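Report on the structure
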Amino acid sequence: MAKRPESTDRTANERRIFDAGANSPRQVRADLGHVVEPSREIPVFATTDVLVVGGGPAGTTAAVAAARLGADVILAERYNHLGGLSTGGLVIWIDRMSDWNGEHIIRGMAEEILDRLPRDAIYGPPKAEWGSRDTVLSAQWQKRHAAFHGTVTWAPMIDPEWMKLELLRMIREAGVELLLHSWVAGPLVEGGKVTGAVLESKQGRVAVRAKVVVDTTGDGDIFARAGEGFDGDIESDDIHHTANTASLLCGVDNARWLAFMDAEPDAFRDFMRHGREQVGHFVLPFPGWRNDVTVFMGPRFAGFDVLKIDDLTTLETMSRESLVELLNYYRSNAPGFENAWIMLSAPQLGARHSRRLVGLGRMTGVRAKTGAIEPDEIGISPSLSPNLPNVSVPYGALLPRKVDNLLVAGRHISTDAQTHTYMREIPQCWLTGHAAGIAAALSVQAGVAPKDVSIPDLQAALRKQGAHLNDPA
Ligand SMILES: Cc1cc2nc3c(=O)[nH]c(=O)nc-3n(C[C@H](O)[C@H](O)[C@H](O)COP(=O)(O)OP(=O)(O)OC[C@H]3O[C@@H](n4cnc5c(N)ncnc54)[C@H](O)[C@@H]3O)c2cc1C
């Protein structure tokens, strides 16, 4: 398995963190009975071809892709911005989009989004270096989380505010109708078909009718409430199930910090050892896209259920308390952090895993290892290690089993727990969102259910919009 910034080779200290949720006192609520909500008429706010629920990486690409094929599209997002965890969650390190040979394999919408960012809003290895196994280069990029197993990869840091703006522009340019501050409460299901959704807003509860709905909430809010099955099992020795709120620090000097790690290995070892001893939850920062910005994407906490109000509340509290501890230790001990200050704790809590769809298709670790090219391929993901082949992503993983006119994209697609560890990453969510958007538009155009969309047409449209797929056999 690739050594990832969100590393799997944990220290004893980190193991404690993994157990934090399991060991901390959990709120047990008494059964206080029920209330009956009176039935009521809900005004129809809008009708559309495609309703995309959730404006994160998957939802934004789905909405843009569908609109570019001529569909009427509404995108509903509960917060005030687009990008989901990649912006509001301060997950500003975009995982690998090149394979172990340096080939750029997650392209299409992913490539377009990153190309739109101003040059000073993105930082990562230049194209000429992707795939390089030069020891000096890879050591240099490894510290920036853009080289693994001695290979330089395309995995940049981005400025979340520019990302928010460019996503907004893409949505507007594509003609998508955007509904911000709109929390989708559940789907409308009639006769085994999803026909829209009900959302809560300052305006009250309203309905949106749609021919196809795309669930990109990350937590499967729509497919679960439509009665679809889901998995929740985890890889307990991987971080893919942990949760926390990330934070952005300013006033740092990353160059000094990285030079310290390089030039003073003994002092750095001491710094790490003392940190683990003195700080309850100790983690390393990710140097940002500018020299004076860094991000803490941890400490990560295990054992919580990000679908529960009490757990979410506890996670926010633990994340903030542990950040202050970290800040104090870094300020006193880390060269380059003397003047560091907290600019922002993420507006969106970092949920890595909750529900995963039990779909018509399912990505599994066993299947991925074979290197098989799926007949319904919608894209290709890099594998976790140079010993493993690239992974063909099937359309079936986006298709629910029970209800029609619903598609699923993003971190909650149909996978086993092992495959979730990488299919949840931002580029993979761009990839599945892109495919879901095209499939939704084709479904509306052809008047067929998403599961009956022509695969050659889907693949042709994806290629036309710049996606990279294996060559047809
Ligand atoms: C702390 C942390 C660190 C990570 N590190 C990395 C990393 O380094 N690199 C990487 O590539 N990936 C990383 N990931 C994974 C990655 O960020 C996410 O898995 C990815 O953003 C998921 O994209 P998504 O579109 O499926 O969901 P999200 O990004 O969660 O977006 C879902 C969107 O839907 C909205 N929404 C949810 N429910 C509703 C509702 N009911 N109504 C309306 N709107 C709703 C949300 O507000 C959000 O905007 C990390 C994740 C976390 C939490």
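So, a few notes on the structure that sits alongside this text. (Residues numbered from 1 in each chain as written. Predicted model: local features only at pLDDT ≥ 70, side-chain atom pairs only at ≥ 80, totals over all residues. Heavy atoms only, no water.)

1. So, helix α4 (residues 109-116)
Our working rule: The rule is simple: take the accessible area with a 1.4 Å probe, protein chains only, and divide by the maximum for that residue type; under 20% is buried, over 50% is exposed, in between is partly exposed. Only runs of H or I of at least four residues qualify as helices and only runs of E of at least two qualify as strands under DSSP, and these elements are numbered from the N terminus. Throughout, the arc means the angular range of directions from the helix axis out to the C-beta atoms. By definition, residues are in contact when any of their heavy atoms lie within 4.5 Å.
Of the residues making up α4, those classed as buried are Met-109, Ala-110, Ile-113 and Leu-114. With its buried residues spanning 130° around the axis, α4 presents them on a single face. Next to the buried residues of α4 lie α3 (57-68), β3 (122-123), β6 (157-158), α6 (160-174) and α13 (426-446).

2. Structural notes on the site of the ligand
Operational definition: Throughout this document, a residue counts as near a molecule or strand when at least one of its heavy atoms sits within 4 Å of that molecule or strand. Polar contacts, as used here, are pairs of N or O atoms within 3.5 Å; protein pairs need one atom able to donate a hydrogen and one able to accept it. Residues neighboring in sequence count only if both atoms are side-chain atoms. Working definition of accessibility: Shrake-Rupley area with a 1.4 Å probe, residue cover restricted to the visible protein chains. Charged means Asp, Glu, Lys or Arg here, nonpolar means Ala, Val, Leu, Ile, Met, Phe, Trp, Tyr, Cys or Pro, and polar covers whatever is left, Gly included. What fixes the domain bounds is an automatic or database domain assignment.
Taken together, 33 residues lie near the ligand, and Glu-77, Arg-78, Trp-93, Arg-411 and Arg-424 sit nearest. One of the side-chain N or O atoms of Trp-183 is found 3.4 Å from a nitrogen atom in the ligand. In the model, an oxygen atom of the ligand is placed 2.6 Å from a nitrogen or oxygen of the Arg-411 side chain. Considering the ligand on its own, with 1000 Å² of exposed area, one finds that the protein chains cover 99% of that surface. Elements represented by at least two residues in the shell around the ligand include exactly α3, β8 (183-190), β17 (350-351) and α13. A total of three residues in the shell around the ligand trace back to one element, the largest contributor, which is α13. Taken together, the residues that form the shell around the ligand break down as 13 nonpolar, eleven polar and nine charged. When we break the shell around the ligand down by domain, the ones giving at least three residues each are domain 1 (44-235 + 355-464) and domain 2 (243-351).

3. Side note on the packing of aromatic side chains
So the rule is basically this: Within 6.5 Å between ring centres, the rings of Phe, Tyr and Trp (the latter by its six-membered ring) count as paired, and their orientation is classed by plane angle as stacked under 30 degrees, edge-to-face over 60, tilted in between.
For the structure on display, the rule yields 20 aromatic pairs. Aromatic pair Tyr-123 and Trp-141: ring centres 5.7 Å apart, planes at 45°, arrangement tilted. Of this pair, Tyr-123 sits in strand β3 while Trp-141 sits in helix α5 (residues 135-142); the two residues are 18 residues apart in sequence, bridging distant segments of the chain. Here Tyr-123 falls in the partly exposed class, since its relative accessible area comes to 35%. Taking relative accessible area as the criterion, Trp-141 reaches 4% and is therefore assigned buried. Each ring, one from Trp-130 and one from Trp-154, has its centre 4.9 Å from the other, and the planes form 25°; the classification is stacked. With Trp-130 in the loop between β3 and α5 and Trp-154 in the loop between β5 (151-152) and β6, the pair connects residues that are 24 residues apart, well separated along the chain. Trp-154 gets classed as buried once you look at its relative accessible area, which sits at 11%.

4. What to know about the pattern of salt bridges
How we decide: What makes a salt bridge here is a side-chain nitrogen of Lys or Arg within 4 Å of a carboxyl oxygen of Asp or Glu, nothing more.
Inspection of the entire model under this criterion finds 27 salt bridges. Where Arg-40 meets Glu-37, a salt bridge forms, and the shortest distance between an N and an O atom there is 3.0 Å. Between Asp-270 and Arg-273 there is a salt bridge whose closest N-O contact spans 3.2 Å. Here Asp-270 and its partner Arg-273 are both found in helix α9 (residues 265-278), three residues apart, which amounts to about one turn of the helix. Through salt bridges with shared partners, a single ionic network connects Arg-116, Glu-166, Arg-169 and Glu-173.

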